[in-house]
Every structure is written in structure tokens, then in C-alpha cells.
Amino acid sequence: MAGLPCDKARAAVQDLLVEVAGRPERWPPPGGEEVADAFGAWCWVSFVAYADGLEVRDIGWVL
């Protein structure tokens, strides 16, 4: 998150992460083998699922 260019970018990524966390039906199968992506208007996150939660592998901001 520190590498994002501004507070607006950090807020957008945080909002997307909250949305992803609240939609387990869109998570990949647990185990950390399969990566899933979620996209916001200006950002994205790549993540894997485990039995006890998510691990974010990448975040990005378009601009």
C-alpha cells in the first residue's frame, strides 16, 4: 500500500479489499494454489484463499 501514489489510491484499494473479503463466493478454492483478481474503477487486487482467510499477492493503481 505504501507504493501507491496517493491517499485516494490507498482508499480505493482498501474499499476493494473490503468488498472482496465480504464476497467469499467469489474466492478461489482454499489452499493458496489458485490466484483470483478483483477490479475496481482504478485499481485491482490479486489474492489467494486459505481456510482462515485471504492473502493479497498484488495490488495496483491505474494512472
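This text goes with the structure placed above it.
Below, the structure is looked at part by part.

Rules of the game
Residues numbered from 1 in each chain as written. Predicted model: local features only at pLDDT ≥ 70, side-chain atom pairs only at ≥ 80, totals over all residues. Heavy atoms only, no water. Helix = DSSP H or I, 4+ residues; strand = E, 2+ residues; numbered from the N terminus. Rg over C-alpha atoms; globule rule 2.2 N^0.38 Å. Salt bridge = Lys/Arg side-chain N within 4 Å of Asp/Glu carboxyl O. Buried < 20%, exposed > 50% of the residue type's maximum accessible area, 1.4 Å probe, protein only.

1. Some details on the overall build of the chain
Looking only at helices and strands, the chain features 1 helix and 3 strands. Sequence-ordered secondary structure for the chain, helices as α and strands as β, is α-β-β-β. Its C-alpha atoms give the chain a radius of gyration of 12 Å, within 12% of the compact-globule value 11 Å for 63 residues. Principal axes of the C-alpha set define a box for the chain whose edges measure 35 × 20 × 15 Å.

2. Looking at the pattern of salt bridges
Throughout the structure, instances matching the rule amount to 3 salt bridges. Where Arg10 meets Asp7, a salt bridge forms, and the shortest distance between an N and an O atom there is 2.7 Å. Within this pair, Arg10 and its partner Asp7 are both found in helix 1 (residues 7-21), separated by 3 residues, close to a single helical turn. Between Arg57 and Glu55 there is a salt bridge, with its nearest N and O atoms 3.1 Å apart. Relative accessible area serves as the criterion here: at 33%, Glu55 is assigned to the partly exposed category.

3. Details of the environment of Gly3
Position of Gly3 among the secondary structure elements: in the segment before helix 1. Counting along the chain gives 53 residues from Gly3 to Val56, while the straight-line C-alpha distance between them is 15 Å.

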